[in-house]
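Architecture at a glance
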Amino acid sequence: MLLRILLFLGALAKVTEPAPRCETGQETLAKCVDITLGTCNDVPYTKTMYPNLLDQKARQAVEYSSEYVLMSVIHNLLQGECNPDLRLLGCSILAPQCEKDKIIKPCRHICENLKKSCLPAFDAIDMAWPYFLDCDRFFAGEEEGCFDPLAKLRGELEVAEEDPLAGLPTTFIQFTHHSYSQMVSILKRTASKCSHIARTYSIGRSFEGKDLLVIEFSTKPGHHELLKPEFKYIGNMHGNEVVGKELLIYLAQYLCSEYLLGNPRIQMLINHTRIHLLPSLNPDGYELAAEEGAGYNSWINGRQTAQNLDLNRNFPDLTSEVYARARIRGARTDHVPIPQSYWWGKVAPETKAVMKWMRDIPFVLSASLHGGELVVTYPYDYSRHPLEEKMFSPTPDEKMFKLLAKAYADAHPVISDKSEIRCGGSFGKRGGIINGAEWYSFPGGMADFNYLHTNCFEITVEVGCEKFPLEEELYSIWHENRESLLNFIEMVHRGIKGIVSDKLGNPIKNARISVRGIRHDVTTADDGDYWRLLLPGTYIISAHAVGYSKVIKKVTLPVKMKRAGRVDFVLRPSEIWPNTFLRRPMEAMRDQYDPLEHFDPHAQHAQPGQRDERGDLSRNRDRPWWWSYFSSLDQHKPLWLLKRN
């Protein structure tokens, strides 16, 4: 019996023994082939193999994959950050190097170094690190034999890396025109170089999806500090007026470098001010203007947005509302709510983003940089009489606005020049400044909106005769404007500042600070702090809030005083509210449904009629803005890029 069992097992072994493998099927297909993927056509090798490291068995499978789509659009998603490095790293997985019919994996240390430097860029757009760039899973150690997918880039940068000045704090600035991606790259590199005092953030997106990128300088980037005033510069509101954009790119580099070099003036400025620079409010328009190139002084092409809107005519016309209220006793002429009728018109996403930005941050002082003239203008920009195109139309803060305008103009050697021979305007005898409506009147301007809807005082600076000058002119333009740019920021510290609180020390939000004789109040921020720009002189200042008694103080600001005086108020509850307090709180003064409160400035702005896979026009509100880049994928959408997954 035992013998029969042994014979049976022997026969079974012969039947189940693997037959010799022939050189056909998958083994035959696993050969090195030419790289034909468009996104990976510049990798430092010419051969790859399928299946690749993700087991995608053919070129077509790769091209229709979400991984490949991501590598195709990663430059746009990260606004030029980490590219082409990141794309080449992804291609080393999707189209790995092949030698002698064998795949060579990319090196793990290359992946780890790139992930360390690029992960913040993914965090900034709320995107998870791609699974196929898992350094442990898909990459190899040097001892296993690997290749460097970024070797070609290192070869191109070899000379630059040998530069003995590399990495040292320096005031070197490259005075050139910058494309959108170049601007983003420089701002992010500058923020990285001065990471303890700087950061970049986006206030929203343009109609075509470009981030409206801001670089901020402060001792606590990303946070409002008690009693530290907030300042902003905005450039390139009109896309063909590019000088302001370049000046703010240069200014960002200058502030970073000079702070690191120990420049006491710059350190004092950043230590005591929170500075926000938005170089390009209209990046879509800039791209159109850049197609014509520098030196072509176009007054039309690129001025408007991709929606054909002039941003400096697109804000709510609150000036007309104030003119209508002027004769009404007790009517408020500050913090004017946005009329519901405004939203019936066409409002640019860039406009909405700026308005939401103004609500989120308690800005004190601002300037918008334009081009085409050499002059500084100040509100109001809209005439008291609609039919008068050139009519002096002052605000209640006319004297303060003139001082602010002169602070920029007087420090500018050309604007302050008494000569009448310049761009065409005659501003020399005026000291290079003029009331906006007296120059030419228009409604819907950003400067008037700042003053009438928020606490912020904004002027407009025309920084040059040419809107898009040649590159060789940029160096002299920077030196003409540098002192003015710094001098104007320092003006944010004029007047008074303080904290309004109750008797227990709790801050009072939205308390009003009034100055007798000036019919324009400012309000306290969330922490109860406030700033009120004032000229030297003696003032009667009062603080009042709903439910509290008014407190009045007399304040004298000396002529030589260059820093804001500290004036705090402690308010006590009022048993009987005066009639003046029976008005609704400021939040309630806004419309019951305020579109601005519900506006997502980072949303991708869909084209008319665009629908999602379910046919719903309002789909994907729970998805990040970049999700629409993958709309072409009917299946296998990259859920692995969503952080919550």
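Note that the structure is predicted; figures quoted are calculated from it, not measured.

Parameters and conventions
- Residues numbered from 1 in each chain as written.
- Predicted model: local features only at pLDDT ≥ 70, side-chain atom pairs only at ≥ 80, totals over all residues.
- Heavy atoms only, no water.
- Helix = DSSP H or I, 4+ residues; strand = E, 2+ residues; numbered from the N terminus.
- Buried < 20%, exposed > 50% of the residue type's maximum accessible area, 1.4 Å probe, protein only.
- Contact = heavy atoms within 4.5 Å.
- Areas by Shrake-Rupley, 256 points an atom, 1.4 Å probe, with all protein chains shown as cover.
- Phe/Tyr/Trp six-rings, centres within 6.5 Å; stacked < 30°, edge-to-face > 60°.
- Lys NZ or Arg CZ within 6 Å of the ring centre and 35° of its normal.
- UniProt positions renumbered as here; feature names shortened; annotations may be inferred.
- Pairing = 2+ DSSP bridges.
- Axes fitted to C-alpha atoms, helices over the stretch in contact; angles between N-to-C directions.
- Core = buried A, V, L, I, M, F, W, Y, C linked by side-chain atoms within 4.5 Å.
- Polar contact = N/O pair within 3.5 Å; in protein donor to acceptor, adjacent residues only side chain to side chain.
- Parallel < 35°, antiparallel > 145°, perpendicular 65-115°, else oblique.
- Nonpolar A, V, L, I, M, F, W, Y, C, P; charged D, E, K, R; others polar.

**Some words on the overall build of the protein**
The number of helices and strands found in the protein is 21 helices and 20 strands. A buried classification covers 53% of the 645 residues belonging to the protein. Long-range contacts, defined here as pairs at least 24 residues apart, represent 74% of the contacts in the protein between residues at least 6 apart. Carbon and sulfur atoms make up 53% of the accessible area of the protein, which amounts to about 30,500 Å² in all.

**Here's the deal with the packing of aromatic side chains**
What the rule picks out here adds up to 28 aromatic pairs. Their ring planes at 65° and their centres at 5.8 Å tell us that F231 and F488 sit as a pair that is edge-to-face. One end of the pair, F231, is in strand β7 (residues 230-235); the other, F488, is in helix α19 (residues 474-490), and 257 residues separate them in sequence. Comparing F231 with F488, the two get one shared label, buried. Measuring from centroid to centroid gives 5.0 Å for F401 and F457, while their planes differ by 25°, and the two rings are stacked. Taken together, the positions of F401 in helix α16 (residues 398-409) and F457 in strand β12 (residues 457-464) put the pair 56 residues apart, joining distant regions of the chain. Taken together through their ring pairs, the aromatic side chains of Y323, Y378, Y380, F401, Y451 and F457 make up a single cluster. Lying across the ring of F363, K232 places its NZ or CZ 5.3 Å from the centre.

**A short note on helix α5 (residues 85-94)**
Because each turn of an α-helix spans 3.6 residues, side chains separated by three or four positions end up pointing in the same direction. Of all 10 residues in α5, 9 are buried, a share of seventy percent or more. Among all positions of α5, only L86, R87, L88, L89, G90, C91, S92, I93 and L94 are buried.

**A word on the UniProt feature "active site" (unreviewed entry) in the protein**
Annotation from UniProt places "active site" (unreviewed entry) at E462. Mapped onto the secondary structure, E462 falls in strand β12. Judged by relative accessible area, E462 falls into the buried class, the value being 7%. Sequence-distant contacts of E462, defined by excluding residues within four places in its chain, comprise H370, G371, G372, E373, L374, V375, I415 and W439.

**A look at the sheet that holds strand β8 (residues 274-278)**
An order of β5-β6-β8-β7-β9-β12-β10-β11 is seen for the 8 strands of this open sheet, with the pairing classed as mixed. For this open sheet the edge positions go to β5 (198-205) and β11 (433-435), each flanked by a neighbour on one side alone. Neighbour-to-neighbour, the strand axes of the sheet open up by a mean angle of 25°, direction not taken into account. Sheet topology places strand β6 (residues 211-217) next to β8; 3 bridges connect them, and they run antiparallel. Considered in β8, the bridge of F217 is made with I275. Each of β5 and β6 is contacted by helix α10 (residues 180-193), which is oriented at about 25° to β6, the strand it contacts most. Those strands touched by α16 are β7, β9 (363-370), β10 (373-378), β11 and β12, and its axis lies near 30° from that of β12.

**A few points about the nonpolar core**
Judged by nonpolar contacts, the single largest core of 96 residues is most densely connected at F217, Y233, L277 and L404. Of the residues forming this core, the biggest block, 11 residues, is contributed by helix α11 (residues 243-261). Core analysis: the second largest hydrophobic core is formed by 51 residues, I35, L53, I93 and L94 among them.

**Brief notes about the environment of T395**
Along the chain, the position of T395 falls in the loop between β10 and α16. Take T395: its relative accessible area is 5%, and that puts it in the buried class. A C-alpha to C-alpha distance of 9.9 Å links T395 and T319, two positions 76 residues apart in sequence. Residues contacting T395, with those up to four places away along its chain left out, are P379, Y380, F401 and Y451. A polar atom in the side chain of T395 sits 3.1 Å from the backbone nitrogen of D397.

**Here we look at the packing of α16 against α19**
For the pair α16 and α19, interaxial distance at closest approach is 7 Å and the crossing angle is 150°. Overall, the two elements α16 and α19 adopt an arrangement that is roughly antiparallel. Of the residues in α19, those touching α16 at L404, A407 and Y408 are N481, S484, L485, N487 and F488. Among the residues forming the contact of α16 with α19, the class breakdown is 5 nonpolar, 3 polar and no charged.

**As for the sheet that holds strand β18 (residues 551-557)**
Whether parallel or antiparallel, the strands of a sheet pair through hydrogen bonds between backbone atoms. With antiparallel pairing, 4 strands are arranged side by side in an open sheet as β15-β14-β17-β18. Across the chains shown, the open sheet's two edge strands, defined by having one partner strand only, are β15 (518-523) and β18. Neighbouring strand axes in the sheet, compared pairwise and without regard to direction, differ in orientation by 25° on average. Looking at chain direction, strand β17 (residues 537-544) and β18 are connected through 7 bridges and run antiparallel.

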